[in-house]
Amino acid sequence: SQKRQRNGRERSLKDFSSPFVGKVIQYIQRHQIPFEHIDAWVPSFVSQPDEANAEVPSAGSPEQQCRLCFAGFATTEVQVPPDGGRPVSLSNQEQFDLLSFGEYSSKFSFDVGCGLPGRVYSTGICSWEQGVENAPNHQFERCGGGAQWGI
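Residues numbered from 1 in each chain as written. Predicted model: local features only at pLDDT ≥ 70, side-chain atom pairs only at ≥ 80, totals over all residues. Heavy atoms only, no water.

Visitor: Explain helix α2 (residues 92-105) to me, using residue names and the numbers behind them.
Guide: Working note: α-helix, 3.6 residues per turn, so residues spaced by three or four point in the same direction. The end-to-end C-alpha distance of α2, which contains 14 residues, comes to 20 Å, matching closely the 20 Å that a straight helix rising 1.5 Å per residue would cover. Residues of α2 that are buried include every one of Gln-95, Asp-97, Leu-98, Ser-100, Phe-101, Gly-102 and Ser-105, and no others. Buried residues along α2 sit against β3 (37-47), β4 (64-75) and α4 (143-148). (Helix = DSSP H or I, 4+ residues; strand = E, 2+ residues; numbered from the N terminus. Expected span 1.5 Å × (residues − 1). Buried < 20%, exposed > 50% of the residue type's maximum accessible area, 1.4 Å probe, protein only. Contact = heavy atoms within 4.5 Å.)

Visitor: So, the environment of Val-78: which residues are in play, and what are the values?
Guide: Examined against the element boundaries, Val-78 turns out to sit in strand β5 (residues 78-79). A C-alpha to C-alpha distance of 8.5 Å links Val-78 and Phe-35, two positions 43 residues apart in sequence. Excluding anything up to four places from it in sequence, Val-78 contacts Phe-35, Glu-36, Pro-87, Val-88, Ser-89 and Leu-90.

Visitor: Break down the sheet that holds β4 for me, with residues and values.
Guide: In spatial order, the strands read β3-β4-β7; together these 3 strands make up an open sheet with antiparallel pairing. For this open sheet the edge positions go to β3 and β7 (109-111), each flanked by a neighbour on one side alone. Put simply, the sheet's adjacent strands are angled 30° from each other on average, direction ignored. Pairing geometry for β4 and β7, over 3 bridges, is antiparallel. Residue Arg-67 lies in a different strand from β7, and its bridge partner there is Asp-111. In this fold helix α1 (residues 19-30) packs onto β3 and β4, with an angle of close to 135° to the strand it touches most, β3. Contacting β3 and β4, α2 crosses the sheet at an angle of about 160° to β4. (Pairing = 2+ DSSP bridges. Axes fitted to C-alpha atoms, helices over the stretch in contact; angles between N-to-C directions.)

Visitor: With reference to specific residues and values, describe α1.
Guide: Along its 12 residues, α1 runs 16 Å from first to last C-alpha, staying within 8% of the 16 Å computed at 1.5 Å per residue. As for α1, its buried residues are in contact with β3 and β4. Gln-32 sits one or two residues past α1 and shows a positive phi near 50°.

Visitor: Residues and numbers for the pattern of salt bridges, please.
Guide: Counted by the stated rule, this structure contains 2 salt bridges. Arg-142 is paired through a salt bridge with Asp-39; the nearest N and O atoms lie 2.9 Å apart. Here Arg-142, found in the loop between α3 (115-123) and α4, pairs with Asp-39, found in strand β3; they are 103 residues apart in sequence, far enough to count as distant. Asp-39 shares its class with Arg-142; the two are buried. Arg-67 is paired through a salt bridge with Asp-111; the nearest N and O atoms lie 2.5 Å apart. Of this pair, Arg-67 sits in strand β4 while Asp-111 sits in strand β7; the two residues are 44 residues apart in sequence, bridging distant segments of the chain. Using a relative accessible area of 26% as the deciding quantity, one classes Asp-111 as partly exposed. (Salt bridge = Lys/Arg side-chain N within 4 Å of Asp/Glu carboxyl O.)

Take it as geometry only, folks, not as evidence of what the structure does.
Take a look at the structure:
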């Protein structure tokens with residue numbers, strides 16, 4: 001099903017920041033993966049202009065660099081405990097904080113291997129991290145927003 005209940009109405013894919021994020025949420029819900037918020041990042045090949053003549057390199061040239069670009073975010077209305085317990089509603093403040101962090105994250109992109117998204121992409125291993133607001137900046141470049149919104 002492409003829809004789920006939200007405040008008494010069906011929520012469709014168009015309610016998410018992108019169809020891609022909607023599909024990610026469908027997958028997470030279908031497999032009952034506990035989560036409250038996701039930020040989605042996609043690899044993109046960007047060209048670095050040649051500073052000597054300000055030309056943009058052609059596709060496939062060695063001057064191209066892979067960066068992880070922001071693809072959207074989504075926040076649920078409930079917190080699902082990892083032990084499979086009964087979901088608990090998130091407060092309005094918790095939802096606001098998660099949504100605010102998603103907006104903050106939209107201003108970032110990452111080189112492969114840098115920041116949490118870059119490390120996950122380079123290793124292919126999921127990472128669930130706690131206390132990111134206290135992490136060194138080189139490990140979690142969004143720690144300022146994490147601290148501001150209690151992530």
